[in-house]
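# Observations on the three-dimensional arrangement
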Amino acid sequence: MRAREHTSRLCCYDHDGVVRSSEKQLHATASSGHGCWHSPTPLHLSASSVSSSLLRSRSSQVIMSRKVVRTSKFRHVFGQPVKADQCYDDIRISQMTWDSNFCSVNPKFVAMIVDASGGGAFIVLPLSKTGRIDMSLPTVCGHTGPVLDIEFCPHNDNIIASGSEDCSVMIWEIPDGGLTSPLSDPVVKLDGHSKRVGILSWHPTAHNVLMSAGCDNVIILWNVARGEAVVRIDSVHTDMIYSACWNRNGSQILTSCKDKKLRVLDPRKGSVICEKDKPHEGSRPVRAVFVSDGKILTTGFSRMSERQVALWDPKNFGEPLTLQELDTSSGVLLPFFDPDTGIVYLCGKGDSSIRYFEVTDEAPYVHYLSMYSSKESQKGMGYMPKRGLEVNKCEIARFYKLHERKCEPVVMTVPRKSDLFQEDLYPDTIGPEPSVEADDWFSGKNGEPILISLKDGFVATTKNKEFKVIKSLMATTSSSSSNRQCDSAEVQALQNELRELREMIEQLTQRVSELESK
């Protein structure tokens, strides 16, 4: 019996998977006459031979453990909700059953789609306006149908686009400090869809270029500054479009569709560059995003309704680079990819968790990191741009999780002891400056993202430029022509009034001179 105990001690492992050798116990066992150790070839082990064999075993186990455990600086990323007083409470989040984020956020504002009677509405709050939100808070309420998607402009933090069931897209200007009265008149109204508009996406590098996709299976690229549809892609998709997004420099569009096809499009020509039939076998919605090196990450369902995540190379669409099954939940997984860290976050609607994976060039390419879990399920999710994070706290992502009656920020952090700027966590990231104007982009010019450093935190040095952008946007929109007409009418009225005053003064002067002559 004791011999078995001693042999079992030989196979003890520590938490790293490395053999824990207790040489003193073995030496004591060998030297003491208690029990014996039977081996296939009967022999008596000396303490030195036992020690050398254990050392060899330990070194081989160390080598194996190094191969098994993948080194990554993001292995210990953890999510943590903010304190209760830093949440946004008493907000009636929209009850619409639509698979969009329902939330958009930038370093100035957070916007959320809310329930509204008599049409659609969303609220826009300054980030600092936390706590209980008054029911009488002004909303953006220009749509006649429920709002389905909202997105802030990446080049101007005061401009936000909204798509609605009323088939229209509207562009709004939010004043600094937030709304003080209900906003019902958009800067621009874009009409071109015949059915509800559920997907919006601003161009990442071109100024004032917006993509919208509707349930009419049509994608429209708008020149917002002119208020006109420049490109209309209406003959590619045969069924409802589930998702549409740009690549890093905006030279390609990736779409997933109810016809079970994944397509990469040339946005200006409206032609298909490549496509993949049935990236996931299930009939539930598929979501797709571009990740590093032009690869494509998709989330979908298997035939048995198991949720899946897959990585594809568009140059070889035959087989996925990896395909992993996650669970059997029914919510659509919304992917958020961070190109700076290579981490993709999967947030399921109706889930109470956020999974995150690291996308690398090594098989199996998509490496599971960890999962943030909470008690409350999420109705939507907002994702803060990298320039809005607190770099001194090693914050690599911040989500704005929508509950039924509140919005709760969730911070993703890499644990580091140093308070210094972590250059490996924060490479130069995409800034707010566009690299090409809308007219130039539509004529064929591409522009790479203009990067900024976060070493001193994001400082809004582009404030004056943003103000100019707002002025030029308002001055060149088609809808502002009516504003100019109103302004010209007011000027005309003032000129008429001034003319009447001059005539009155002349009459009074003439009367005074007559009285003086008497």
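About the thresholds
- Residues numbered from 1 in each chain as written.
- Predicted model: local features only at pLDDT ≥ 70, side-chain atom pairs only at ≥ 80, totals over all residues.
- Heavy atoms only, no water.
- Pairing = 2+ DSSP bridges.
- Helix = DSSP H or I, 4+ residues; strand = E, 2+ residues; numbered from the N terminus.
- Axes fitted to C-alpha atoms, helices over the stretch in contact; angles between N-to-C directions.
- Contact = heavy atoms within 4.5 Å.
- Patch = residues over 30% accessible without salt bridge, like charges linked within 9 Å, V, L, I, M, F, W, Y side chains within 5 Å.
- Areas by Shrake-Rupley, 256 points an atom, 1.4 Å probe, with all protein chains shown as cover.
- Salt bridge = Lys/Arg side-chain N within 4 Å of Asp/Glu carboxyl O.
- Buried < 20%, exposed > 50% of the residue type's maximum accessible area, 1.4 Å probe, protein only.
- Lys, Arg positive; Asp, Glu negative; His and termini not counted.
- Charge placed at Lys NZ, Arg CZ, Asp CG, Glu CD.
- pLDDT = per-residue confidence, 0-100.
- 1 Å grid on protein atoms, 1.4 Å probe; cavity = no way out; pocket = protein on both sides within 12 Å on 5 of 7 lines; lining within 4 Å.
- Points joined across faces, edges and corners; volume = space filled by probe spheres on them.
- Phe/Tyr/Trp six-rings, centres within 6.5 Å; stacked < 30°, edge-to-face > 60°.
- Lys NZ or Arg CZ within 6 Å of the ring centre and 35° of its normal.

### Here we look at the sheet that holds strand β10 (residues 168–173)
- Strand order in this open sheet of four strands is β8-β9-β10-β11, and the pairing throughout is antiparallel. Taken across any chain shown, the strands that pair with only one partner, and hence form the sheet edges, are β8 (147–153) and β11 (188–191). The mean angle between the axes of side-by-side strands here comes to 20 degrees, regardless of whether they run parallel or antiparallel.
- Bridge analysis of β10 against β11 gives four bridges, and the strand direction is antiparallel. Looking across to β11, one finds that Val 169 is bridged to Leu 190.

### Here's the deal with the environment of Val 291
- Among the structural elements, Val 291 can be located in the loop between β20 (287–290) and β21 (296–301).
- Residues Val 291 and Asp 338, spaced 47 residues apart in sequence, show a C-alpha to C-alpha distance of 8.2 Å.
- Excluding residues that lie within four positions of it along the chain, Val 291 makes contacts with Ile 296, Leu 297, Leu 311, Phe 337 and Val 359.

### Description of a nonpolar patch on the surface
- Together, Leu 498, Leu 501, Met 504 and Leu 508 line one region of the surface with nonpolar side chains, adding up to about 380 Å² of accessible area.
- In this structure, Leu 508 sits in helix α6 (residues 480–517).
- Residue Leu 508 is classed as exposed on the basis of its relative accessible area, which comes to 53%.

### Some words on a negative patch on the surface
- A grouping of Glu 497, Glu 500, Glu 503 and Glu 506 is seen on the molecular surface, where their side chains present a negatively charged patch.
- Note that Glu 506 resides in helix α6.
- For Glu 506, a relative accessible area of 56% corresponds to the exposed category.

### Examining the confidence of the model for the protein chain
- In the predicted model, the protein chain carries a mean pLDDT of 83, and 80% of its residues have values of at least 70.
- Low pLDDT, under 50, characterises residues 1–45; the stretch is placed with 37 contacts to residues that sit more than four places away or in other chains.
- In this model residues 461–472 is a low-confidence stretch, pLDDT under 50, and it forms 14 contacts with partners more than four residues away in sequence or in other chains.

### Description of empty space enclosed by the protein
- According to the stated counting rule, one finds three cavities of 30 Å³ or more in the structure shown.
- The space that makes up the largest cavity amounts to roughly 60 Å³.

### Some points on the sheet that holds strand β3 (residues 103–105)
- Spatially, the four strands line up as an open sheet ordered β3-β4-β5-β7, and their pairing is antiparallel. Edge positions in the sheet fall to β3 and β7 (140–143), since each of these pairs with one other strand and no more. Pairs of neighbouring strands in the sheet enclose a mean axial angle of 20 degrees, with direction left out of account.
- Relative to strand β4 (residues 109–114), β3 is paired through three bridges, and the arrangement is antiparallel. Looking at the pairing, Cys 103 lines up with Met 112 of β4.

### Some points on the packing of aromatic side chains
- Counting across every chain of the model gives 14 aromatic pairs.
- Relative to Tyr 400, the ring of Tyr 88 lies with its centre 6.5 Å away and its plane at 40 degrees, an arrangement referred to as tilted. Placement of Tyr 88 in strand β2 (residues 88–89) and of Tyr 400 in strand β29 (residues 395–402) is noted, with a sequence separation of 312 residues between them.
- What makes Tyr 88 buried here is its relative accessible area of 2%.
- Here the aromatic rings of Phe 336 and Tyr 383 are separated by 5.6 Å at their centres, their planes lie at 35 degrees, and the arrangement is tilted. Within this pair, whereas Phe 336 is found in strand β24 (residues 333–338), its partner Tyr 383 is found in strand β28 (residues 380–383), the two being separated by 47 residues in sequence.
- Among the residues examined, Phe 336 registers a relative accessible area of 8% and is labelled buried.
- Assessed through its relative accessible area of 22%, Tyr 383 is described here as partly exposed.
- One aromatic cluster is present, built from ring pairs that chain together Phe 336, Tyr 345, Tyr 356, Tyr 383 and Phe 399.
- The ring of Trp 441 carries the charged tip of Arg 268 above its face, separated from the ring centre by 4.5 Å.
- Over the aromatic face of Phe 102 sits the side chain of Lys 349, whose NZ or CZ is 3.7 Å from the ring centroid.

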